[in-house]
Amino acid sequence: MTTSADITTMTRDQLAADLRGELIGPSDPGYDAARAVYNGMIDRHPAAIARCRDVADIITCVRFGREHGIELAVRGGGHNAGGLGVADDALVIDLSLLRSTTVDPENRMVRADAGCTWGDVDHATGAFGMATPSGFLSSTGVAGLTLGGGIGYLTRRFGLTVDNLLSADVVLADGRLVTASWAAHSDLFWALRGGGGNFGIVASFTFRCHDIGEGGTVIAGPVFYDLDDVGEVMRWYRALIPTLPEELSGWIGLLTVPPAPPFPERLWGRKVCGIVWCYTGPHDRAEAMLEPIKTFGSPLLVGLQPMPFSVLQAAFDPLYPAGLQQYWRADFFTEISDAAIEVHRRHGRLLPTGLSTMHLYPIDGAAARVAGDATAFAYRDGGWAGIIVGVDPDPANAGLITKWTRDYWRELHPTSAGGAYVNFLMDEGQDRVKAAYRGNYDRLAQIKGRYDPGNVFHLNQNIRPPAHPDGSQPPR
Ligand SMILES: Cc1cc2nc3c(=O)[nH]c(=O)nc-3n(C[C@H](O)[C@H](O)[C@H](O)COP(=O)(O)OP(=O)(O)OC[C@H]3O[C@@H](n4cnc5c(N)ncnc54)[C@H](O)[C@@H]3O)c2cc1C
């Protein structure tokens, strides 16, 4: 592989001249800001960062990387916990300047460029009272989240983000641009819906949108319970969720109440079990629908209120700004077993810092009605995607949050379905990538062999193409 010295001295000027966007190298003043990603634990030094202005820039970078043997890292929102959008000595294809959106309200569709965050899309569609299913935060990148599957508040009602993907414009490893959809390159379209960044660089996505709430206003917010009640609350929640209408969803977690408004001062800093609910149906049915969840047990706080969907999506953004130390471990769960609840009860008490947390996100309803082999996203058994996340601003606490996360995960993992959501993985090895895809892995590998036989796009949760007939293996 070419080193960063090679790219700066021999070829940088050539690439810079071919780009509309800026090329930032190690000696440029903006280099440190440009190489930083969301997770403050990641400290990598790419050979250069190409801030692409258009699809032609993406194509130029792909061809350049191949010609000069330089590894390519692709950055959408830069949010990935494992820092997959940046790599040492690589050329980073940074899409963050490509942020336009176009809404077609008549046909209920939105087209989003690959550098958009979900905040950009929610803003665009919210103006029409619509949304497309995304996640639980607005600062996450559209590209990475979509390509891994996309789990969020609207999953129960409208499916995963990939279940609402209509088409994607993709720059392939050989530099060609194709549009993948049901009608064209349907194998590629299947693989893009969960297979991550393995198959090409998506320049833009087109999604189906849905009317939500009333004019885009939903009823949402948290309900908190004392940590001593975690067993009772989790047993009630696991039985309740499958019985609820799909307009109502809620993820459950263990967290520390942030020491700031709008939370009441009496709860600041208290460790709690919380459920964040979102009701997207007609408001005249809301009271009846929400009554059981407001009155169960002995809640410390019932914070449900009407709000635009975009406000709900952005509610946790200020708590989790870019640059925090983050250490993640994840799994899928088909049930929240009594054994799992006992593990949650114990490790919830040990939350090591105010921002460290555990979440369980339901993947049922509309998402579970899609067959496990209909898209690359395999875990559609009506369970939950779980994450344990150690978080703190201070790098000195990196060891503490890492240890808590690993200890918790080690005890919880035996209660899981085996694999984890690919977008919640850090660098955990090939077996974990395979487990994320269950029986879909081999089909993904075949499609990888068709579209990227040389594994040009390998700085991701890598699906390896089949070995070349001569026995040689592509990189990594
Ligand atoms: C705080 C936080 C909250 C999250 N919440 C949710 C959630 O609610 N729901 C959910 O489903 N996920 C969630 N995630 C996980 C999220 O989906 C992944 O981190 C995802 O990778 C982020 O996408 P990105 O574009 O920001 O990432 P990046 O770091 O830019 O990229 C991640 C990966 O995607 C590839 N990639 C990026 N753009 C492209 C492209 N245009 N074409 C091809 N490959 C590309 C990259 O090469 C890399 O491998 C969350 C993550 C964080 C850190």
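Right above here is the structure, for reference.
These notes cover the structure that comes with them.

Procedures and definitions
Residues numbered from 1 in each chain as written. Predicted model: local features only at pLDDT ≥ 70, side-chain atom pairs only at ≥ 80, totals over all residues. Heavy atoms only, no water. Helix = DSSP H or I, 4+ residues; strand = E, 2+ residues; numbered from the N terminus. Rg over C-alpha atoms; globule rule 2.2 N^0.38 Å. Buried < 20%, exposed > 50% of the residue type's maximum accessible area, 1.4 Å probe, protein only. Contact = heavy atoms within 4.5 Å. Areas by Shrake-Rupley, 256 points an atom, 1.4 Å probe, with all protein chains shown as cover. Arc of directions from axis to C-beta. Lys, Arg positive; Asp, Glu negative; His and termini not counted. Salt bridge = Lys/Arg side-chain N within 4 Å of Asp/Glu carboxyl O. Phe/Tyr/Trp six-rings, centres within 6.5 Å; stacked < 30°, edge-to-face > 60°. Lys NZ or Arg CZ within 6 Å of the ring centre and 35° of its normal.

### A closer look at the overall build of the protein
Working step 1: Assigned secondary structure in the protein consists of 14 helices and 19 strands.
Working step 2: At 22 Å, the protein has a C-alpha radius of gyration in line with the 23 Å of a compact globule built from 476 residues.
Working step 3: Projected onto its principal axes, the C-alpha positions of the protein cover 65 × 50 × 45 Å.
Working step 4: Counting only residues that meet the buried cut, the protein has 59% of its 476 residues in that class.
Working step 5: A sequence separation of at least 24 residues applies to 72% of the contacts in the protein between residues at least 6 apart.
Working step 6: Summed over all atoms, the accessible surface of the protein reaches about 17,900 Å², with 52% contributed by carbon and sulfur.

### What to know about helix H11 (residues 338-348)
Working step 1: Taken together, the buried positions of H11 are Ala340, Ile341, Val343, His344, His347 and Gly348. Buried residues along H11 cover an arc of 160° about the axis, so they all sit on one side.
Working step 2: Residues of H11 that are buried sit in contact with helix H8 (230-240), strand E13 (248-256), strand E14 (271-279), strand E18 (357-363) and helix H12 (398-412).

### Some details on the side chain of Arg193
Working step 1: One can find Arg193 in the loop between helix H7 (186-192) and strand E10 (201-208).
Working step 2: Of the side chains with opposite charge, Asp163 comes closest to the buried, unpaired Arg193, at an N-O distance of 5.9 Å.
Working step 3: Filtering out sequence-adjacent residues up to four positions away, Arg193 remains in contact with Leu147, Val162, Leu165, Trp182, Ala374, Thr375, Ala376 and Phe377.

### Description of the packing of aromatic side chains
Working step 1: Within this structure, the stated rule accounts for 20 aromatic pairs.
Working step 2: With 5.7 Å between their ring centres and 70° between their planes, Trp182 and Phe189 make a pair best called edge-to-face.
Working step 3: Looking at Trp182, the relative accessible area reads 61%, which means it is exposed.
Working step 4: By the ring-pair criterion, three or more aromatic residues cluster together here, those being Phe136, Tyr153, Trp251, Phe316, Trp328, Phe332, Tyr361, Phe377, Tyr379, Tyr421 and Phe424.
Working step 5: Sitting over the ring of Tyr379, Arg438 keeps its end group 3.7 Å from the ring centre.
Working step 6: Sitting over the face of the ring of Trp190, Arg443 holds its NZ or CZ atom 3.8 Å from the ring centroid.

### Concerning the pattern of salt bridges
Working step 1: Counting across every chain of the model gives 28 salt bridges.
Working step 2: For Asp174, the salt bridge goes to Arg176, with nearest N and O atoms at 2.9 Å.
Working step 3: Two residues, Glu342 and Arg346, come together in a salt bridge whose shortest N-O distance is 3.6 Å. Of this pair, Glu342 and Arg346 both sit in helix H11, separated by four residues, roughly a single helical turn.
Working step 4: For Glu342, a relative accessible area of 33% gives the class partly exposed.
Working step 5: For Arg346, a relative accessible area of 35% gives the class partly exposed.
Working step 6: It is possible to trace a salt-bridge network through shared partners that takes in Arg329, Asp331, Glu428 and Arg432.

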